[in-house]
Amino acid sequence: MKGDMQRWKPNVASIIEHAKELHPTTEIVSRMISGEIHRTNYDEVCVRARKLASALEKDGYKKGDVLATLALNTYRHLEMYFGISGMGAVTHTLNFRLHPEQAVYIINHAEDKIIFCELPFIPILEALKDQLKTVEKYVILCDESEMPESTLENTISYEEYIKDGDEDYKWPALEDDAACALCYTSGTTGNPKGVLYSHKSNIYHATSAYAALTIDKDDCILMVVPMFHVLAWGIPYFGPMTGNKLVMPGMGMEGDSLYELIDKEGVNSTFGVPTVWMQLLAYCRENNKVLDSVKNTIIGGSALSLAMLKEFDEVHDVNVIHAWGMTEMSPLGTTNLPTKEMETMNKDEKYAIQLKQGRPVFGVELKITDDNGNDLPSDGEAYGHLMVRGPWILQKYFKAENDAVDEEGWFDTGDISSIDKEGYMTIVDRAKDVIKTGGEWISSIDLENAAVGHPEIAEACVVGVPHPKWDERPIMFVVTNSGDKLEKDNILDFLSSKVAKWWLPDEIIFLKELPHGATGKLLKFDLREEYKNLLIDK
Ligand code: AMP
């Protein structure tokens, strides 16, 4: 028997209409490329999104067309999220840090028809244009008067493009499970894979995410997490749902620019990956600044270290919420919220819990399995392959023939984890990064986090390399605060008090900087390749 409720045909455009209706004057603040601050509000963003949708229709674009953005976090990107998807096309967000070969592959694979491109990224497309098979038009995100000379053909400024769009455009009804947005995963090997989100999955995800993150209507959110990476963790959807003031940094990701925005705009919630916070914390340390207005910072994308957690808590009195997820999960899987019990714990006990990746948000199921697919207990001791399922987790990759899940709907995240009795999940490592030595496992993440607790170490990266006796042994790459090398024994002594002796790296190599991928994650693959004979040749 079916329920008697209305057959709901979700369209994410309903979110921006809701914000226009209920929070019309709530501000959307963007730092533009010039560094200037631009202010708009939900009323204007909604009307301009309608104009964009109408302009696209007039221009012949249809439901299901894939239209790409190569854009920063600004109000125009927010308009595109709703204008493109709301008219039934698919918003495909492109990362400007992609390797050119990957960018060509992704654009052709997605069959992008338009690319909405930020001014500084025009040279990227000029270099690729002859290889782009499906792109018909480039809409440059600027005023007509700012249009530069370019070798791109068929270009128009965004403002010119939407100028005659209909302010009273009515959003269409979309079919059930209509596609809404497309993101590609940042694979280190092989071709990137697309994840095609639906309107329904994005709305489910957003409603669950803001509840799971306890977002309040009056929160002012600094959206540092880029809109080109997993739909900025859902903020562009749940921000307008809740009515949050959104502050968007554009190109200005350095510590001083972020601090200025936080301070001047009264930001009380920030969302981002650890590498960005490293810069902000360093800026505050060096300039005696305190993040007075910030109440919560939501950190995910890579593991949170104890050093970072302590600095946020002890210096800035900021509550850190550790979260975990992935592109295939829209992305949110777990969050680590403060609990009543934590209030009476001493700091060390509290930190030990906060460093875990958290508990599943409603809608996401987790389990761990061994190498043969057998379920492992959630006892906090056993660790294995982390499997997930839920309404905003992918069924199959874009254009793939086969499902990416097993017959019971479980998707293998590629992470190795444990789950404790209270349901807290802890990532041990990526399956491909865990170091297998003499039949035991070493977590590269734990070693890295132990190392950045050293007062002179800014960043560390650990990889396993072949060893003639132990299969693999860890080697550590270190970037120091001063840029100078330290005594290796000094680091080993420091680590000895934090990890088991057999975990200590066999070699420590000092680098000026570590390789990061397009989304801020450490690129271990290249380091592993380059140093694969280090311990064999010794
Ligand atoms: P992506 O799809 O690029 O967002 O990458 C997802 C992967 O990032 C996950 O499978 C994890 O390996 C890693 N990741 C995300 N959040 C965390 C976290 N809080 N701690 C450790 N690893 C994380």
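The structure we're discussing is the one just above.
I will try to describe carefully the structure that is included in this document. Bear in mind that the values here come from a model prediction, so they are computed numbers and not experimental data.

Each value, and the rule that gives it
Residues numbered from 1 in each chain as written. Predicted model: local features only at pLDDT ≥ 70, side-chain atom pairs only at ≥ 80, totals over all residues. Heavy atoms only, no water. Helix = DSSP H or I, 4+ residues; strand = E, 2+ residues; numbered from the N terminus. Rg over C-alpha atoms; globule rule 2.2 N^0.38 Å. Contact = heavy atoms within 4.5 Å. Areas by Shrake-Rupley, 256 points an atom, 1.4 Å probe, with all protein chains shown as cover. Lys, Arg positive; Asp, Glu negative; His and termini not counted. Charge placed at Lys NZ, Arg CZ, Asp CG, Glu CD. Buried < 20%, exposed > 50% of the residue type's maximum accessible area, 1.4 Å probe, protein only. Pairing = 2+ DSSP bridges. Right-handed = clockwise from strand over helix to strand, strands pointing away. Core = buried A, V, L, I, M, F, W, Y, C linked by side-chain atoms within 4.5 Å. Domains from an automatic or database assignment. Near = heavy atom within 4 Å. Polar contact = N/O pair within 3.5 Å; in protein donor to acceptor, adjacent residues only side chain to side chain. Nonpolar A, V, L, I, M, F, W, Y, C, P; charged D, E, K, R; others polar.

### Considerations on the overall build of the protein
Working step 1: Helix and strand counts for the protein stand at 16 helices and 25 strands.
Working step 2: For 538 residues, the compact-globule estimate of 2.2 N^0.38 gives 24 Å, and the protein sits close to it at 23 Å.
Working step 3: Projecting the C-alpha coordinates of the protein onto the three principal axes gives extents of approximately 70 × 60 × 50 Å.
Working step 4: Taking as baseline every contact in the protein between residues at least 6 positions apart, the subset at least 24 positions apart corresponds to 67%.
Working step 5: For the protein, the exposed area adds up to about 23600 Å²; of that, 48% sits on carbon and sulfur atoms.
Working step 6: Side chains of the protein give 54 positive and 86 negative charges; the mean places of these two sets differ by 2 Å.

### What about the pairing of strand β4 (residues 90–93)?
The side chains of a regular strand alternate between both faces of the sheet.
Working step 1: Burial along β4 is two-sided: V90 and H92 facing one way and T91 and T93 facing the other are all buried.
Working step 2: Looking at chain direction, strand β3 (residues 66–70) and β4 are connected through four bridges and run parallel. In the sheet register, T69 faces β4, and the bridge partner there is T93.
Working step 3: With helix α3 (residues 75–86) bridging β3 and the parallel β4, this β-α-β connection has right-handed handedness.
Working step 4: Examined bridge by bridge, β4 and strand β8 (residues 179–184) share two bridges and lie parallel to one another. From the neighbouring strand, T91 faces β8, where its bridge partner is A181.

### A short note on the nonpolar core
Working step 1: Residues L56, F116, Y237, F238 and F271 are the most contacted members of the largest nonpolar core, which totals 111 residues.
Working step 2: A total of eight residues in this core trace back to one element, the largest contributor, which is helix α2 (residues 42–58).
Working step 3: Two domains each put at least three residues into this core: domain 1 (13–207) and domain 2 (360–430).
Working step 4: Sequence-distant contacts of F116, defined by excluding residues within four places in its chain, comprise L52, L56, L67, A68, T69, L70, M80, I84, V139, L141 and Y158.
Working step 5: One finds L98, F121, L125 and I140 within the second-largest nonpolar core, a separate group that totals 29 residues.

### Concerning the site of the ligand
Working step 1: Around the ligand sit 16 residues in total, of which A323, T327, Q357, D415 and R430 are the nearest.
Working step 2: A distance of 3.0 Å separates a nitrogen atom of the ligand from a polar side-chain atom of H322.
Working step 3: For the shell around the ligand, a count of residues per class yields four nonpolar, nine polar and three charged.

Fair warning: the whole summary comes from geometry, so function is off the table for now.
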